[in-house]
Each structure stands twice: as structure tokens, then as C-alpha cells.
Amino acid sequence: MQIEDCELVNPVHMIEFQHNLTMKALLNPENLNNREVLHRNYNFTLPAIKPPRQAKLINQSVTRGCTVDQLSVLPRANRTDPSLPPPSIMEKDAKKGILSLIERGLIPPAAELTLDPSPVHHKRARLHNAEEATRKQLQSESSARGEGSHYMASVKLDLSHDGRLKINGSGNSQRLGTSEGAMTASVPPSSANYSRSAGSPQLRSVLIQSPTSRKKSGYSSTTARSPLALRVFDAPLQPLPPPATPAQKEEDQHQVVAAGQGYSFFITSGNLPRSGDPEFSAFHQRYLLQWGSVITMVAKLQKVLQDYAIPTAYVNGDRLAELSRHYELEYRPTRDELLTVLENYEDVLAMISTPGRRFLGTDGRYIAASKIQATWRRYRDRRAYLQYRKQRWAAGVIAISWIMHVRMSRMRRRLRHIRRSHLENYRARGKTLAVEWNRITSSRRVVVHVPSLGHPTQIRFGMPGFDRKQNAQMARLCDLIDTNVDVIYVSPVEVLEELQQYYCKLLGLKGAVEEADPEKVGDLSTRFTIVTPEALNKFPTHHMCLASLLKYSPCALSRIKKLIAGRDAYYVPGVIHKDDISVADELNIPILGCEPEICHLYSSKSGGRRVFAAADATAPPGDHDVYSAQQLHESMARLICENPFVTKWLMKIDSGFDGRSIAYIEVNKHLPCYLWMLRESRRYGDKWSKKWAQDAAYTKVLCELPDALDNFACPANKDVFPTWVDFLDAFLGQGGIIEAYPPTESVTCLTIDMLIDPTGRMHMTSCGDQIHAENALRCWGTSVPQASVEPAVLNDVSMRIAEACRARGVIGYFSIDYVTFIDPVTYKQTLWATDLTLAYSDQMAMTQMLLFVTGGKLDAAEGRLVVPPPPKPKQARFRKRDDDKDKMPPPNLTRFSVMSTNLVHTNMAVVHYSVFFQMCRAHGIGFDIKERQGTVFTLVDSSKREELGMLSVGEDLPSALASFARNLTVIHQEISAPNMQGRTNFKAAIDDIEIILGTTAQNEKEDEKENKKLSA
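Here's what I pulled together on the structure shown here. (Residues numbered from 1 in each chain as written. Predicted model: local features only at pLDDT ≥ 70, side-chain atom pairs only at ≥ 80, totals over all residues. Heavy atoms only, no water.)

Brief notes about the pattern of salt bridges
In the structure shown here, the tally under the stated rule is 30 salt bridges. Here Arg468 makes a salt bridge to Glu947, at a shortest N to O gap of 4.0 Å. Of the two residues, Arg468 is situated in helix α16 (residues 466-470) and Glu947 in strand β24 (residues 947-954); the sequence distance between them amounts to 479 residues. Residue Arg468 is classed as buried on the basis of its relative accessible area of 13%. A salt bridge links Glu586 to Lys561; its shortest N-O distance comes to 2.8 Å. With Glu586 in helix α21 (residues 578-587) and Lys561 in helix α20 (residues 554-564), the pair connects residues that are 25 residues apart, well separated along the chain. Taken together, the shared-partner salt bridges in this structure form one network comprising Arg444, Asp486, Arg527 and Arg567. (Salt bridge = Lys/Arg side-chain N within 4 Å of Asp/Glu carboxyl O. Helix = DSSP H or I, 4+ residues; strand = E, 2+ residues; numbered from the N terminus. Buried < 20%, exposed > 50% of the residue type's maximum accessible area, 1.4 Å probe, protein only.)

Topic: the pairing of strand β6 (residues 485-490)
The element β6 is largely enclosed, with a buried count of six among its six residues. The side-chain alternation of β6 yields two buried faces, one formed by Val485, Val487 and Tyr489 and the other by Asp486, Ile488 and Val490. When strand β5 (residues 445-453) meets β6, the two strands line up parallel, connected through five bridges. Note that in β6 the partner of Arg445 across the bridge is Val485. (Pairing = 2+ DSSP bridges.)

Some remarks on helix α28 (residues 724-734)
Within the sequence span of α28, burial applies to Trp724, Phe727, Leu728, Ala730 and Phe731. The arc that holds the buried residues of α28, viewed along the axis, is 165°, so those residues lie on one side. Seen from the buried face of α28, the exposed residues on the opposite side, beyond 90 degrees, are Val725, Asp729 and Gly733. At the C-terminal side of α28, Gly735 shows a positive phi close to 85°. (Arc of directions from axis to C-beta.)

Some remarks on the sheet that holds strand β11 (residues 662-666)
Read from one edge to the other, the open sheet built from five strands follows the order β9-β13-β10-β11-β12, with strand pairing classed as antiparallel. With partners counted over all chains shown, the strands left at the sheet margins are β9 (622-626) and β12 (714-715), one partner each. Pairing of strand β10 (residues 648-653) with β11, which is carried by five bridges, proceeds in the antiparallel orientation. Note that in β11 the partner of Met651 across the bridge is Ala663. The sheet contacts of helix α23 (residues 605-614) involve β9, β10 and β13 (736-740), and relative to β9 the element is tilted by about 130°. (Contact = heavy atoms within 4.5 Å. Axes fitted to C-alpha atoms, helices over the stretch in contact; angles between N-to-C directions.)

Description of a positive patch on the surface
Taken together, the side chains of Arg407, Arg410, Arg412, Arg413, Arg416 and Arg420 make up a positively charged region of the molecular surface. Position of Arg416 relative to the elements: it lies in helix α14 (residues 364-441). (Patch = residues over 30% accessible without salt bridge, like charges linked within 9 Å, V, L, I, M, F, W, Y side chains within 5 Å. Areas by Shrake-Rupley, 256 points an atom, 1.4 Å probe, with all protein chains shown as cover. Lys, Arg positive; Asp, Glu negative; His and termini not counted. Charge placed at Lys NZ, Arg CZ, Asp CG, Glu CD.)

Comments concerning a negative patch on the surface
A grouping of Asp928, Glu931, Glu955, Asp956, Glu1004, Glu1006, Asp1007, Glu1008 and Glu1010 is seen on the molecular surface, where their side chains present a negatively charged patch. Topologically, Glu931 is positioned in the loop between β22 (927-928) and β23 (933-939).

Points about the packing of aromatic side chains
A full pass over the atoms with the stated rule returns 24 aromatic pairs. Seen in terms of ring centroids, Trp376 and Tyr379 are 5.7 Å apart; in terms of plane orientation they differ by 40°. Their pairing is tilted. One end of the pair is Trp376 and the other is Tyr379, both in helix α14 and three residues apart, which spans about a single turn. Assessed through its relative accessible area of 47%, Trp376 is described here as partly exposed. With a centroid separation of 5.2 Å and an interplanar angle of 80°, the aromatic rings of Tyr502 and Tyr503 are classed as edge-to-face. Take Tyr502: its relative accessible area is 15%, and that puts it in the buried class. (Phe/Tyr/Trp six-rings, centres within 6.5 Å; stacked < 30°, edge-to-face > 60°.)

Brief notes about empty space enclosed by the protein
Enumeration according to the criterion identifies three cavities of 30 Å³ or more in this entry. The space that makes up the largest cavity amounts to roughly 100 Å³. If you trace the largest cavity, you find 15 residues lining it, with Gly574, Gly593, Tyr813, Leu838 and Ala839 closest to the centre. Residue composition of the lining of the largest cavity, by class: 12 nonpolar, three polar and no charged. (1 Å grid on protein atoms, 1.4 Å probe; cavity = no way out; pocket = protein on both sides within 12 Å on 5 of 7 lines; lining within 4 Å. Points joined across faces, edges and corners; volume = space filled by probe spheres on them. Nonpolar A, V, L, I, M, F, W, Y, C, P; charged D, E, K, R; others polar.)

Some words on the sheet that holds strand β7 (residues 528-531)
One open sheet holds the four strands; their spatial order is β7-β6-β5-β8, and the pairing between them is parallel. In this open sheet, the two edge strands, each paired with only one partner strand, are β7 and β8 (569-575). Averaged over all adjacent pairs, the angle separating strand axes in this sheet is 20°, with direction ignored. Pairing between β6 and β7: four bridges, direction parallel. By the bridge assignment for β7, Val490 is matched with Val531.

Some words on the side chain of Thr782
Within the secondary structure, Thr782 is located in strand β16 (residues 781-784). With relative accessibility at 4%, the residue Thr782 sits in the buried group. Reaching out from Thr782, the side chain makes a polar contact with the side chain of Gln843 at a distance of 3.3 Å. Contacts of Thr782, omitting those with residues within four sequence positions, involve Asp769, Gln770, Ile771, Gln843, Ser897, Val898 and Met899. (Polar contact = N/O pair within 3.5 Å; in protein donor to acceptor, adjacent residues only side chain to side chain.)

Here it is as C-alpha cells:
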């Protein structure tokens, strides 16, 4: 349709234009023509309004500075600390309003405000009958318009019908919002006679709303969708043109009707109405002056409707014109804003929102093809991007891994270089120590004791109370027995004042022990120092050994440096660790111990058996360096066949210690072919040692052994390895040995402590028989000196083992475990070497305390502990002759001792040490300095107090054992309840001591019988 085809001059439109100008003048009181129009048309004269008088300006002086009172604000203290109570609000502040109080901070921004009284009042709403209201509206509208009026507001498009025009004449109404209130527009029944010209789009009932009144400042797409206020005039203020005659043109009548209905028109299939359409012509004439912007907006609307193939759209001309004015000089309208000019907005929006609707419109095939291509390109590029991002992530991971690998390699090389330098310094200082050892031991010196347990990490993590286990050797402080020695003891636990005072008093007994006078108590607190690393609480869950904690404690190291500055000193470790070498290098003192690699190599079970083999010491039948299940089965089957009289076999993990990593199996009970093999060995006799005689038995044992191990092998310590499967995993992962258990019920275990000094001399420092409590394979305590083996035999074997250790670079303290029994075949006493530990043992520390409190000397090679004789009483000047007859027998100067550092009782945690010693004093538990016998305790921990050590000294072994058992019984009864829920090993230790006492008594009776037979 061309714009030139429209009619440009129309008298009806001119009349309407003049009418609108007149109405604007009437409605605007400030218009200059307002008084003239009222006077000319209505003979009504408005009163003259005089302009208000302007007040005279009074010259005033300019006031400088603040002209208003300062308002109070939130104090600074409340701004920095919100927990303080808020300040009170004055009345003058309250008059400024709530917003002012919030802005000044007197009311918190997040405060909930309640207005009292509330400005909102609740009231019940009246419900009207909708049918009655609709009926009244229809009647009023019908009477106002007449039968022949055309009201297009009730017309609604029927886009799904077969093409006939329908008029809603049923009286449905649409409520329109106005600025003054609510108005009702209804469809008169006579409007059903309205029809359009041929070829016009098919219609259904459509709501035609009043022209929208928008704000001049801008256009809102949200408000444009809702109908605005409809302006109503109660009476015509200007004479209207005469009514049209029957001869008037039909299109003029339609123009008048369109002007009264809001200038709406239809767009069919994206095309404007044909030339001569009365509705569009009226719209064109109405907005002729701004037609350029209007037709531009119409073209944009057409484009949207054509793109989505909208069959029919009913356009509100007033909204369209207002939209064109708004966007004439600003940005382009969006699609949603364009659709707001449609009366059938919901129907058109529903069609546009239908998926694929865009492809039915103009260039739909091209758009569809473009969409397919874009989707494919997006998929292809997205897949390529994801692949690229994955590769980039992988490249980043590889780069970071490589960087970390390079840095870790550099750090490892640096650490290896540092440790190599530390080891070279250790060797150099060791050579110096060997040269000057005789001079150092005979002069003033400082001994730095670090009772560190440098076991592998997995063992340290599996030990509960690892720090208290390290501190079990606090008896090392008794090295003060040598007057030339000062001791620095590094403690792995916090040593509180109560524990410090106890050891000060205990060490102060040195003078009283030497003089056998309890009154001569000295003070040795200046000769010993207890140092606690400050890193103790910084690594609470790492289970680091004491040497590692000391390495990361610069303050403790600095304190030790000051204590040993300018003095001869050496370092005595526990189980040596690499960090012991670092600490000694930092302190610049030598170590009385071997290298960490040598220590861990020969302290293992397999390493110990190699040393015993090199020393030609008798060891239990067995095999070492077992690392696979097949090797385990084959080796054990071979050993069972070679030793048919051994009924119990042990499996020990290489890194195990203290009976923690041992499992056993009793083949006489759980191996089905054992009795048959035993009969076969007896049948063959001496020929059984030949391999060909054992082949059949070996094959049968090898077939039955795996099932027997899986079903009947049992770990000795269930707390460490609950099941055989757990033990087997650790055994095969770390390696271990297979070892025979003595084929008898009466077995005694011994522990010998040795020292190889830097000059290479070997000394036996302690020897004792083991006492077992809960576990027969774990040492709980010892009795010193040993009384189970001939001292000469024991000394010979121990020296040969020490010689083998010295040849392998071992230096310092180490201990050897033996087992002795009566061979059931030869009836001779047999001594087996079972274990080698290159470390300072608990027995060695308790032996130092034994020598300190008794003042005696231990000859471990002879198995004797001799104490000094008691002081002689003062004799009178003159003696009677009969006094020689009443001479007392010489005192017994030999002593035996029972010691243990593994006493555990959880109820001790609720008893303070002061109360505990009062209880012991009340029951006569103490040490007699004159008689040099009694009981002494070693305290381990100040906080938990569940573990402690005890040392009992007696004239003979039975009396020492009985005293130890009595002490345990008294303590247990005092701190335990009948229904005790805690954990203790007191009762198990008492039972084992009673068994030892029974065996000792039986041996004494047998000795007496033999002596009687010999005398007879």
C-alpha cells in the first residue's frame, strides 16, 4: 500500500482537529484563549485573576559558617564494637524521621521497625455479584449508544475459526482501569449487525481499549501492556458538527466511528490494509503530522509479524503512535515492546513462543538452514574447545608435576648432600672421640641423653602413648653417680614442677647412699638439666621421634649449646635416627652410637640372625629374609620336617620390637600330617636328616601348611594385628624370619646389655632374666642379675656376638636377647640367641638407677651385685672377753633386683603423686638406705600418670620378687574398685611372679635333695 493513495484532506478530520484544540484550551486554565472560548460559546465570564504580589527583597548580610544545628551520630565506640548497647535517641533526633536516624547510624540498617499506630488498617471487603454488575453495565451502554452504534472494543480475533466474523453479543464485559476509578465497557446487542467489507480478515470478539496516556518523560514496556486511564467528559463543551446525512459517504462514517474507537486497524499476514480501508485511513489522518516515525514503527511491526507468520494482528493506533514518539530519537524498540501495541497481544505472543514458528515466516528455510549450521558449528566448536581445555588441563598437570618433580629432585639432592656432610662430620667427630675417650671419661664431661625411638613411621603411628614410651628411660638421670658427669636430659613430655621436685629429691640421696646416713641428703639440681623441645605441641599428630622434634626446636638447641659451651660432651641416643645425626652436627658434639643405616640393618630380625651366624652363636632353627608367601610356605615346611620335635613356630617381622610383630602356629595341633611325620622320623632314625628321607613328608606338609596358616595362625599382639591377614600383609611387605619356639614348657628369657666404647673395648653392663605379664613373647620386666645360665657360658657367647658387631661398625650400647631351656632329647641346658637391638635399653637405664640407690657394683660377667657393707657401730673403749663369742655373722652384701618400666594402671590418672607416695608410706613401701633394699619408683608423665616404673631390691631373688609382687598387690587394691573398668597389667605380672617363685622353691628343694645324697 502506498502512502500517496491515502486521502489527505477530510472535512471530518479538520472538524475533529479544531474540536481537540478547543478542548485543550478549555482544560488548561492558563491558556490565553480559555476565557474567550467560555465567554463566546457559553456566555460565561471567568473572574480576573491578578498575579500575586512579589515580596520585596530585603537586603540582609551574608551569614558565614554552619547555619543549622549539628545532629548527633552513632558514637565511634559503637561503630567499632557492635556488641555495645546503642545510645539513647533524643526527642529532637526522633523528629527528624526514621530515614534520618538510619542514615546517621542511630538505628541499625537491618533493624525491624514497627509503626505504632500502624498506617495500614484492615477492613472487610464487600463482595459484589458479578452478574448483576454486568447486567447493569449492558443496559447503560445500550441506552447510551443506541441500536446502531459500532463499539469495536468488544471485537476479538478468532485466529482458529473457519473465516466468518462473529460478534460477542452475549453481554460479556471488560473492566478498564481509569485514573478516577473503574469504568465498564460492554458490547451492545446491536453491534452484532456490524460487518466488514469483502476480503477483510476474519474476526472474533476482540477487546478494544482506550487510548493510552503515557508519561512524557519516557515509555515503559511494562506499563504499555496494561490499558491506561480513559478520559470522560460529562457534557460537550463545544458544539459538535451536524450529524451526517444519509447521502454522506460510507467511508466518512467509518472514519468517525474509528476516531471514537481509538484508531485501531488490522494487519493480515504481515500486510497493511488495502487502500481505502476506513480504519487505517482514519489512523493515517489522525497522525498525519508525525506519519514518518509512525510508518517506520509500522514497518518494524510488519517485519516481526512476517518473520513469525502471524495471520492476523489487531493494532492499537494510539499505542503505536506513542511508541513511535518515544523511540523517534532514541534506541530501537525490542520485539516485546513492539508487540505491546497489539490488542491480541496474548494470542500473538503464544504463537511467537511456539517452537519453530520463526521458520514459517519470511526466509524461514534460510533461517532454518542457518540455525542448523550454527547449531552444528556450535557443537563442533564446543567439542573442539572441550578437547582443547582437557588437553590444556592435562598440559598444566604435566607441567606442574614436572616442576614439582624438578623441585623435589633438587631438594632431594640437597638433602642427600646435607646428610652426607652430616655423616662425614659424624665420622670425623667419632674418630676424635675414640682418640680422646680415655681422657674424657676421667675428666669433667656433659652427657646429653636423647631417649628417642627412631623406628619407621608406620610403627610410630601404631604405638599409643608413643611420647610416654620414649620417656620411660628417665632413669638415665642416674648417670650422676659419676661425680665427673653432668646430665642434660631431653624430655619428650612436659615435665611439671611436681615431677621435677621428685627427681631432685631422688638424686639428692647420693650422699646419703654413700654414707648410709639418711640425714645427709644433698642437692644435685645444678648437675642435671631437663630440656623440653618447644616443637612438642606444634606437631601433635605427626608421631615424630624426639630427635626430629629437637631438630625443629631452635630454642632448645640454643639452650643446650649454652650448657655445653667450652666443655667435653657427647650425645647418647636411643634408637638412632637420621635426625640424631643432624642434631649432633648442630650441637657439634660426637655421638656414642653407630650410623643409622647400620643400626636399622642389624637391629632387624634378619640382620640379627646374620650377626649370630657370623659369631657362631647358637640360634633357634629358622630362616630369614622371607618376602613372599611361597617362600614362607616352603621354608616352614622344610623346617618342620628337619625339626619334627618342635611343636610351635614363630614368624617375626623384621622391623618389629618388644614382641609387637610376632605370630605363631602350633603344628602339633593344627597340622593333620604332623603325627604321621613324627612316626616317619622315628622309623628312619638317624637317616631322617637326609633329604631323600624327608621328601614324602615335605610334600605332604607343603600341601597342608597354607590352609593351616590361614585358619590357625595367630598374632601374639591382637592390638597391633587383629587378624592373621593383617599380620601376613605386613610380614610380606617388610620381610621377616621363621623361628622355632623351644620344645618345652619351661622357658626362660634373658637380656644382656653391652657397650662397645669408641676405642673398641667391649663391656657387659647389665644382665637380667625376663618377666612376662600379658604376653609370653613380650618382656614386661627383668630381674637383675640373671640367675638362669652359667655366667661364663653367657659371657663367652655375648663377647663373640659383640665382636661380630664391632666388626660391622657397631659402637655404643646394644642388647642381646637369649632363651634358655632344658632340651627334652639330651636333657642339657640350651642357650639360643634370639634378638639383637642396637639401642640404649630400658633395663640399662633401670640398672643405672639400681647402682645409684644401692651404691653397689654390678659384675655382669659373674652375675653378682655387691653393695658396700654397712658402717660399723662405734665400739666401747673397753671390751669384755665374752664379746668375741657373741659376734654377729657378716652381713649379706649381695643384692637382687626386680625392675620394670611397663607398669600400666588407668586408675593412677585420678591419683596425684603426693597422694600416691603417702599411700605407699602408709603401707611401708619405701627404700631403706642403711640396708640398701626396698622400692624406688620412676615417674614418666605429669599429666596422664597412667604409666610408671618400679624397682625393688632384696637380699635374694625370692625376697625381691615377693616384695615386688606385694607392692603391686597393695597399689592395685588401694586404687582399684571391685568392678574396675580401666586397663592394668598388675594382676598378670603378679601371676607370672608367683609362677617364678614356685619354680624357684621347687629348684631349691631339688638342690637340697641332691646335696643330701652327695653328703650321704
